[in-house]
Amino acid sequence: MADRKRVERFIRSTLQNAGRQVAEARQAYREGQTTAQLPRDEEGRVRLVCRRHAERRAVRLDGEGRPACFDADHPDCRGCAEDVQDGIVETW
């Protein structure tokens, strides 16, 4: 009986640790998937195509991952910022 309880505890703790590792890996993947994959120029600026002005731009990202040219009142800018954060913005 004691051996069975030890095995159950071992299995339970192993599964809990595996669950934590999976959650940490998912979070790291989400964080690494975004702006790190966007092409950058030699100065580290993200190269994207501005939706609002339909032009190529190299821009720095602010602390929240939004382009420096971001205008919260403009729908194209809001959509662009969301796409930059998701890593799917049009680039060049």
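Residues numbered from 1 in each chain as written. Predicted model: local features only at pLDDT ≥ 70, side-chain atom pairs only at ≥ 80, totals over all residues. Heavy atoms only, no water.

## Overview of the confidence of the model for the chain
Here is step 1 of the chain: Counting all residues, the mean pLDDT for the chain is 87, and 90% of those residues have values of 70 or more.
Here is step 2 of the chain: Averaged pLDDT values over the elements of the chain bottom out at 85 in helix α1 (residues 2-33) and peak at 94 in strand β2 (residues 55-59). (pLDDT = per-residue confidence, 0-100. Helix = DSSP H or I, 4+ residues; strand = E, 2+ residues; numbered from the N terminus.)

## Some thoughts on the side chain of Asp41
Here is step 1 of the chain: Structurally, the position occupied by Asp41 is in the loop between α1 and β1 (46-50).
Here is step 2 of the chain: Reaching out from Asp41, the side chain makes a polar contact with the backbone nitrogen of Glu43 at a distance of 3.0 Å. (Polar contact = N/O pair within 3.5 Å; in protein donor to acceptor, adjacent residues only side chain to side chain.)

## Some words on the pairing of β2
Here is step 1 of the chain: Sheet analysis places β1 next to β2, joined by five bridges and oriented antiparallel. In the strand pairing of β2, Cys50 is matched with Glu55.
Here is step 2 of the chain: Between β1 and β2, which pair antiparallel and follow one another directly, the connecting turn spans four residues, one of which, Ala54, has a positive phi of 50°. (Pairing = 2+ DSSP bridges.)

## Some thoughts on the side chain of Arg57
Here is step 1 of the chain: Inspection of the secondary structure puts Arg57 in strand β2.
Here is step 2 of the chain: Side chain to side chain, Arg57 and Glu55 meet in a polar contact 2.8 Å long.
Here is step 3 of the chain: Once you skip the residues sitting within four places of it in the chain, Arg57 turns out to touch Val46, Arg47, Leu48, Cys50, Cys69 and Trp92. (Contact = heavy atoms within 4.5 Å.)

## Quick look at the pattern of salt bridges
Here is step 1 of the chain: Tallied over the full model, the rule gives nine salt bridges.
Here is step 2 of the chain: Across the pair Arg52 and Asp71 runs a salt bridge whose closest N-O atoms are separated by 3.1 Å. Here Arg52, found in the loop between β1 and β2, pairs with Asp71, found in the loop between β2 and α2 (75-86); they are 19 residues apart in sequence, far enough to count as distant.
Here is step 3 of the chain: The exposure class assigned to Arg52 is partly exposed, which follows from its relative accessible area of 34%.
Here is step 4 of the chain: Asp71 gets classed as partly exposed once you look at its relative accessible area, which sits at 26%.
Here is step 5 of the chain: A salt bridge links Arg66 to Glu64; the shortest N-O distance between them is 3.5 Å.
Here is step 6 of the chain: Classification of Arg66 by relative accessible area gives partly exposed; the value is 23%.
Here is step 7 of the chain: Accessibility expressed as a relative area gives 54% for Glu64, which makes it exposed. (Salt bridge = Lys/Arg side-chain N within 4 Å of Asp/Glu carboxyl O. Buried < 20%, exposed > 50% of the residue type's maximum accessible area, 1.4 Å probe, protein only.)

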